[in-house]
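Coordinate analysis (summary)
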Amino acid sequence: MSDNTWHSATDIQKIFDRIAPVYDEFNNWLSFGQHRIWKQMTVNWTEAKHSDVGLDICCGSGDLSQLLARKVGKTGKVIGLDFSQELLAIAAQRASKKYPMLRLEWVQGDALNLPFEDNTFDCATMGYGLRNVTDIPRCLQEIHRVLKPKAKVAILDFHRPYQPWQQIFQKWYLDHLVVPLAQQYGLKDEYAYIMPSLERFPSGTDQVKLAQKVGFDSVIHYPIVGGMMGVLVATKTVRTEHN
Ligand SMILES: C/C(=C\Cc1cc(O)c2ccccc2c1O)CCC[C@H](C)CCC[C@H](C)CCCC(C)C
Ligand SMILES: C[S@@+](CC[C@H](N)C(=O)[O-])C[C@H]1O[C@@H](n2cnc3c(N)ncnc32)[C@H](O)[C@@H]1O
């Protein structure tokens, strides 16, 4: 796969099925464990409460699902949705070992066609998923549809920093640390996919506009890690007869 290759949903599903065995370890090594902090910040931004029913879209191995489940407690419930069977199996195994007392359910499905009724969830998270879907507006529209009025979604992903030196550092890090490490495990193309996917990804400002366009309110993009990552936080509007 070259840098400019367009990836279909099937290509992307195969990428994640292939990296599943090393996914968690690589994230820990390459972020020096920091990704856990970014994920906890994301969950905090949802303002999830005890007994809420939450959704973690593109849950992968389930880090955000676990953190959200801890927030909603034993009386709440979290559904983790992903299309990678391999990552979902890891998510289910990790959660049953670590949090057998929490209500976590795993659903194989498509983020562009969520298999849930309108107005189902009190809160939602998405980590490193939005950049990977083939239709971002459609995905945001689906999240908006399944959230209850007043519910918040927090969406964590890579972001292109605004400062040129930070952009250079980010590209250097991905090209010279992440890809060579992956190459040693026969996963060069899979990890080389991150940089072009990031170059195509809308900026924080444009993500805000896209979320507003599908009906979200109070939309804010928070740059974190010097702008190399970002969290988009959006609230579903309460529709009354007057608005
Ligand atoms: C959890 C992280 C990335 C998840 C992730 C997302 C993708 O879209 C992928 C696509 C294809 C293969 C793998 C992934 C994937 O793992 C974030 C942490 C891991 C990163 C690889 C590390 C990135 C580091 C930053 C550019 C800068 C780090 C600053 C500081 C030194 C911690
Ligand atoms: C980089 S991983 C992120 C996993 C996890 N959220 C985390 O933060 O570690 C991206 C995930 O998105 C999933 N994904 C991408 N497109 C999808 C889609 N259209 N429907 C469902 N899952 C999708 C992949 O299978 C993969 O598990």
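Keep in mind that what you see is a predicted model, and the values were worked out from it rather than measured. (Residues numbered from 1 in each chain as written. Chains lettered and ligands numbered in written order. Predicted model: local features only at pLDDT ≥ 70, side-chain atom pairs only at ≥ 80, totals over all residues. Heavy atoms only, no water.)

Quick look at the sheet that holds strand S5 (residues 147–158)
Taken in spatial order, the 7 strands line up as S3-S2-S1-S4-S5-S7-S6 in an open sheet, and their pairing is mixed. Of all the strands in the sheet, just strand S3 (104–108) and strand S6 (216–224) have a single pairing partner and so form its edges. Recorded for the sheet is a direction-independent mean angle of 15 degrees between the axes of neighbouring strands. The sheet contact formed by strand S2 (residues 77–82) and S3 spans 5 bridges and is parallel. Bridge pairing links Leu81 to Val107 in S3. Along the sheet, helix H4 (residues 63–72) contacts strand S1 (53–57), S2, S3 and strand S4 (121–127); its crossing angle with S2, the most-contacted strand, is approximately 165 degrees. (Pairing = 2+ DSSP bridges. Helix = DSSP H or I, 4+ residues; strand = E, 2+ residues; numbered from the N terminus. Axes fitted to C-alpha atoms, helices over the stretch in contact; angles between N-to-C directions. Contact = heavy atoms within 4.5 Å.)

A word on helix H6 (residues 136–146)
Residues that lie three or four places apart on an α-helix share one face, since the helix turns once every 3.6 residues. Taken together, the buried positions of H6 are Ile136, Cys139, Leu140, Glu142, Ile143, His144 and Val146. Looking at the buried residues of H6, the elements they touch are S1, S4, S5, helix H10 (204–213), S6 and strand S7 (229–236). Its side-chain oxygen 3.2 Å from the backbone nitrogen of Arg138, Asp135 forms the N-cap of H6. (Buried < 20%, exposed > 50% of the residue type's maximum accessible area, 1.4 Å probe, protein only. Polar contact = N/O pair within 3.5 Å; in protein donor to acceptor, adjacent residues only side chain to side chain.)

Notes on the site of ligand 1
For ligand 1, the set of nearby residues contains 18 residues, the closest of which are Tyr23, Asn27, Arg131, Asn132 and Tyr191. Between an oxygen atom of ligand 1 and a side-chain N or O atom of Asn132, the distance comes to 3.2 Å. Among the elements of the structure, helix H1 (9–19), helix H2 (23–30), helix H7 (164–184) and helix H8 (188–192) are those that each provide at least two residues to the shell around ligand 1. For the shell around ligand 1, the residue count by class is 12 nonpolar, 4 polar and 2 charged. (Near = heavy atom within 4 Å. Nonpolar A, V, L, I, M, F, W, Y, C, P; charged D, E, K, R; others polar.)

These figures come from the coordinates and say nothing about function on their own.
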